There are 2 protein chains.
Amino acid sequence: MARTTGSDGEKTEAAVREAAVNLIARFGYEAMSMRQLAAEVGVQAAALYRYFPTKEELLFTLMREHMEGLATAWEAARPADADSAQLLSAYVRNHIAFHIERRHATHVSNMELRSLSPERLTQILRMRTAYEKELRAILRDGDETGAFSIDDTGLTAMALIQMMTGVIVWFRPGERLSIAEVTATYLSMTMRLVGGKIDGREEKNVHEHAQLRA
Amino acid sequence: MARTTGSDGEKTEAAVREAAVNLIARFGYEAMSMRQLAAEVGVQAAALYRYFPTKEELLFTLMREHMEGLATAWEAARPADADSAQLLSAYVRNHIAFHIERRHATHVSNMELRSLSPERLTQILRMRTAYEKELRAILRDGDETGAFSIDDTGLTAMALIQMMTGVIVWFRPGERLSIAEVTATYLSMTMRLVGGKIDGREEKNVHEHAQLRA
DNA sequence: GAATTAATTGAACGTTCGTTTTATTGTTGC
DNA sequence: GCAACAATAAAACGAACGTTCAATTAATTC
């Protein structure tokens, strides 16, 4: 047999991407076989090669588009005229929302970096670094203007990223906490971490302020 | 050929463990082949099966001993008579020291859980949960006695664990910061996160206090 | 120094892997 | 309705995988 009735390239490619993200997130890139992926899509393994030349290229595509999506989401979410606290707030909100929404893709992008060739690894890491650089800039600005009080902006940025991204490890939709509640608590913790102050009010008010906006 | 001069079972097994931790941390469990591991040790692949019946058993052994080591280290580091701040301080110090010292083993224990059979996965997760439970208890006690001021102890515990364990992602010995400096900053950030207070002094002093002890 | 045990080699087993090739069929444009 | 094209199936490729087995030699025991 050959072409099946109703087959459509675009639909198949989309199905491959989605199945690949789920399988890689669950079993890992090396553990997922092309035959397993094909079976999940409902197709023969050879058909996958019409859309992705190699297995690694498939992985790279998934990661690159995930990182591009993250950058795009932040560009859209970043407020134009905002003080440091508002910027940081927007960054945290966007980061948590994006990562909860794409738990599996995030897992893939974080855990399978070692399966990329050096050049592709560099490319992904460059995108990640650029994204993290935005956070460092926000923290540095806020520290210099007195909105924050930070010991080490580099370390604080890394700690914040790890803390926020860590949400996907334990968060499951529909359990004890809603996304809004989780976001509110993480905003509160973020403001504590950076020693945030607003208009001279003390820290506790910052938390309440952050929670109201979440 | 057969047995080689100077061969010693104990030494070979130790060499296998060490090589396995490094290879799995670098390439991943699935990507590491038994032949690759054997070559690293300087032995034929068949020789590995004298010490570990299967590849998965080898992985499980590495993980279990890592978790046992973590529990043992905390038992030894936990102060007998201490208030909440001191307990938390000891927990953070021990956690960071242990994980920096065993970066590769930590990477393996965190990233390769999905390669374990369900029963073995359960066993490792039980050990991890027990360890994290200690932190939650410290946070809850401190919150109830007023030493800390925490919104959600469960979330704060997870955030702290993610933040601290994340050190191994970027920390490299001999770079910008020493272990002591990193620990001091993380202690400071920890006390901020839990809203730590000592004798009614305000938060900033807690940080300085923590840094002096690091 | 012979017998026993410990440690390892080298070859082989069956399976699965990513990928390629070729043929075949559905779909589309004229 | 016929050519051109798109999308797939089916089979096969060599390589690599985890693992087993028999043979062999070093170390130990008595």
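The structure we're discussing is the one just above.
We now turn to the structure provided with this report. (Residues numbered from 1 in each chain as written. Chains lettered and ligands numbered in written order. Predicted model: local features only at pLDDT ≥ 70, side-chain atom pairs only at ≥ 80, totals over all residues. Heavy atoms only, no water.)

## Some points on the overall build of chain A
Piece 1. Secondary structure assignment for chain A yields eleven helices and zero strands.
Piece 2. Ordered by position in the sequence, the α and β elements of chain A form the string α-α-α-α-α-α-α-α-α-α-α.
Piece 3. Going through the 214 residues of chain A one by one, you find that 47% of them count as buried.
Piece 4. For chain A, the proportion of contacts with a sequence separation of at least 24, taken over those separated by at least 6, is 66%.
Piece 5. In the form shown here, chain A has an accessible surface area of approximately 10,700 Å², with 49% of it arising from carbon and sulfur atoms. (Helix = DSSP H or I, 4+ residues; strand = E, 2+ residues; numbered from the N terminus. Buried < 20%, exposed > 50% of the residue type's maximum accessible area, 1.4 Å probe, protein only. Contact = heavy atoms within 4.5 Å. Areas by Shrake-Rupley, 256 points an atom, 1.4 Å probe, with all protein chains shown as cover.)

## Digging into the relation of the copies chain B and chain A
Piece 1. Mapping chain B onto chain A leaves a residual RMSD of 0.0 Å; the transformation is a rotation of 180° accompanied by 0.0 Å of translation along its axis. A rotation of that kind, with that shift, is consistent with a two-fold axis. Residue Met163 of chain B of chain B places its C-alpha closer to the rotation axis than any other residue of that unit, at 2.5 Å. (Least-squares fit on C-alpha atoms with pLDDT ≥ 70 in both.)

## Some thoughts on helix H5 (residues 84–101) of chain B
Residue and element names in this part refer to chain B.
Piece 1. Taking 1.5 Å per residue as the helical rise, H5 with its 18 residues ought to reach 26 Å, and the 26 Å between its terminal C-alpha atoms agrees with that figure.
Piece 2. With 13 of 18 residues buried, H5 lies mostly within the body of the structure.
Piece 3. Sitting at the head of H5, Asp83 places a side-chain oxygen 3.2 Å from the backbone nitrogen of Ala85. (Expected span 1.5 Å × (residues − 1). Polar contact = N/O pair within 3.5 Å; in protein donor to acceptor, adjacent residues only side chain to side chain.)

## Focus: the interface of chain B and chain A
Piece 1. Each partner contributes to the interface: chain B provides 36 residues, whereas chain A provides 36 residues.
Piece 2. Surface buried jointly by chain B and chain A totals about 3,000 Å² across both partners, of which 55% is contributed by carbon and sulfur atoms.
Piece 3. When the buried surface of chain B facing chain A is broken down by residue, Arg114, Leu155 and Arg192 of chain B rank first, second and third, together holding 25% of it.
Piece 4. Summed over the shared surface of chain B and chain A, the result is four salt bridges. (Buried area = accessible area lost by both parts, 1.4 Å probe. Salt bridge = Lys/Arg side-chain N within 4 Å of Asp/Glu carboxyl O.)

## A few points about the nonpolar core
Across soluble globular proteins, you tend to see nonpolar side chains buried next to one another.
Piece 1. By size, the foremost hydrophobic cluster in this structure holds 120 residues, and its most contacted members are Leu88 of chain A together with Leu88 of chain B.
Piece 2. Apart from the residues within four sequence positions on either side, Leu88 of chain A is in contact with Leu135, Ile138, Leu139, Phe148, Leu160, Thr190, Met191 and Val194 of chain A. (Core = buried A, V, L, I, M, F, W, Y, C linked by side-chain atoms within 4.5 Å.)

## A short note on the protein's contact with DNA strand D
Piece 1. Around DNA strand D, the surrounding shell holds 28 residues, and the nearest of these are Gln44 and Tyr51 of chain A together with Ala2, Gly6 and Tyr49 of chain B.
Piece 2. Backbone atoms, meaning sugar and phosphate, make up 64% of the atoms of DNA strand D lying within 4 Å of the protein.
Piece 3. In this structure, a phosphate oxygen belonging to DNA strand D sits 2.6 Å away from a main-chain N or O atom of Gln44 of chain A.
Piece 4. Partitioned by chemical class, the residues of the surface near DNA strand D number eleven nonpolar, ten polar and seven charged. (Near = heavy atom within 4 Å. Nonpolar A, V, L, I, M, F, W, Y, C, P; charged D, E, K, R; others polar.)

## Details of the packing of helix H7 (residues 118–145) of chain B against helix H8 (residues 153–165) of chain B
Residues and elements named next belong to chain B.
Piece 1. Viewed as axis vectors pointing N to C, H7 and H8 meet at an angle of 125°, and their least axial separation amounts to 9 Å. When the axis of H7 is compared with that of H8, the two are oblique. Here the hand of the crossing between H7 and H8 comes out right-handed. Seen from H7, the contacting residues are Glu132, Leu135, Arg136, Leu139 and Arg140; seen from H8, they are Thr153, Gly154, Thr156, Ala157, Met158, Leu160 and Ile161.
Piece 2. Residue composition of the contact of H7 with H8, grouped by class: six nonpolar, three polar and three charged. (Axes fitted to C-alpha atoms, helices over the stretch in contact; angles between N-to-C directions. Parallel < 35°, antiparallel > 145°, perpendicular 65-115°, else oblique. Left-handed = near helix turned anticlockwise from the far one by under 90°.)

## A few points about the environment of Leu88 of chain A
Residue and element names in this part refer to chain A.
Piece 1. Within the element layout of this structure, Leu88 appears in helix H5 (residues 84–101).
Piece 2. When its relative accessible area of 0% is taken as the criterion, Leu88 is described as buried.
Piece 3. Along the primary structure Leu88 and Thr190 are separated by 102 residues, whereas in three dimensions their C-alpha atoms are 8.6 Å apart.

## Concerning the pattern of salt bridges
Piece 1. Scanning the model with the defined rule gives 14 salt bridges over all chains in all.
Piece 2. Linking Arg114 of chain B and Glu112 of chain A is a salt bridge whose minimum nitrogen-to-oxygen distance equals 2.7 Å. Of this pair, Arg114 of chain B sits in the loop between helix H6 (103–111) and H7 while Glu112 of chain A sits in the loop between helix H6 (103–111) and helix H7 (118–145), on two different chains.
Piece 3. A residue is classified by how much of its surface remains accessible, and Glu112 of chain A, at 4% relative accessible area, is buried.
Piece 4. In this structure, Glu13 of chain B and Arg17 of chain B form a salt bridge, with 2.8 Å as the shortest nitrogen-oxygen distance. With Glu13 of chain B and Arg17 of chain B both in helix H1 (residues 9–27) and four residues apart, the pair spans about one turn of that helix.

## Some remarks on the packing of aromatic side chains
Piece 1. Applying the stated criterion across every chain yields a total of eight aromatic pairs over all chains.
Piece 2. When the ring of Trp74 of chain A is compared with that of Tyr91 of chain A, the centres are 5.0 Å apart and the planes differ by 70°; the resulting orientation is edge-to-face. Here the residue Trp74 of chain A occupies a position in helix H4 (residues 55–77), and Tyr91 of chain A occupies one in helix H5, the gap between them amounting to 17 residues.
Piece 3. For Tyr91 of chain A, a relative accessible area of 0% corresponds to the buried category.
Piece 4. Members of the aromatic cluster, each reached through a chain of ring pairs, are Trp74, Tyr91 and Tyr131 of chain A.
Piece 5. Note that Arg120 of chain B overlies the ring of Phe60 of chain B, its terminal NZ or CZ placed 5.5 Å from the centroid. (Phe/Tyr/Trp six-rings, centres within 6.5 Å; stacked < 30°, edge-to-face > 60°. Lys NZ or Arg CZ within 6 Å of the ring centre and 35° of its normal.)

## Things to note about empty space enclosed by the protein
Piece 1. In total, this model carries three cavities of 30 Å³ or more according to the counting rule given.
Piece 2. Considered as a void within the structure, the largest cavity measures approximately 90 Å³ in volume.
Piece 3. As for the largest cavity, its lining consists of 15 residues, of which Glu30 and Glu112 of chain A together with Glu30, Glu112 and Arg114 of chain B are closest to the centre.
Piece 4. Across the lining of the largest cavity, the residue classes tally to six nonpolar, three polar and six charged. (1 Å grid on protein atoms, 1.4 Å probe; cavity = no way out; pocket = protein on both sides within 12 Å on 5 of 7 lines; lining within 4 Å. Points joined across faces, edges and corners; volume = space filled by probe spheres on them.)

## Points about the packing of H8 of chain B against helix H10 (residues 179–193) of chain B
Residues and elements named next belong to chain B.
Piece 1. It is at 11 Å that the axes of H8 and H10 come closest, and there the two elements cross at 165°. Taken together, the axes of H8 and H10 are roughly antiparallel relative to one another. Between H8 and H10 lies a crossing of right-handed hand. In this structure, H8 contributes Thr156, Leu160, Met163 and Met164 to the contact, and H10 contributes Tyr186, Met189, Thr190 and Leu193.
Piece 2. A breakdown of the residues in the contact of H8 with H10 according to their chemical character gives six nonpolar, two polar and no charged.

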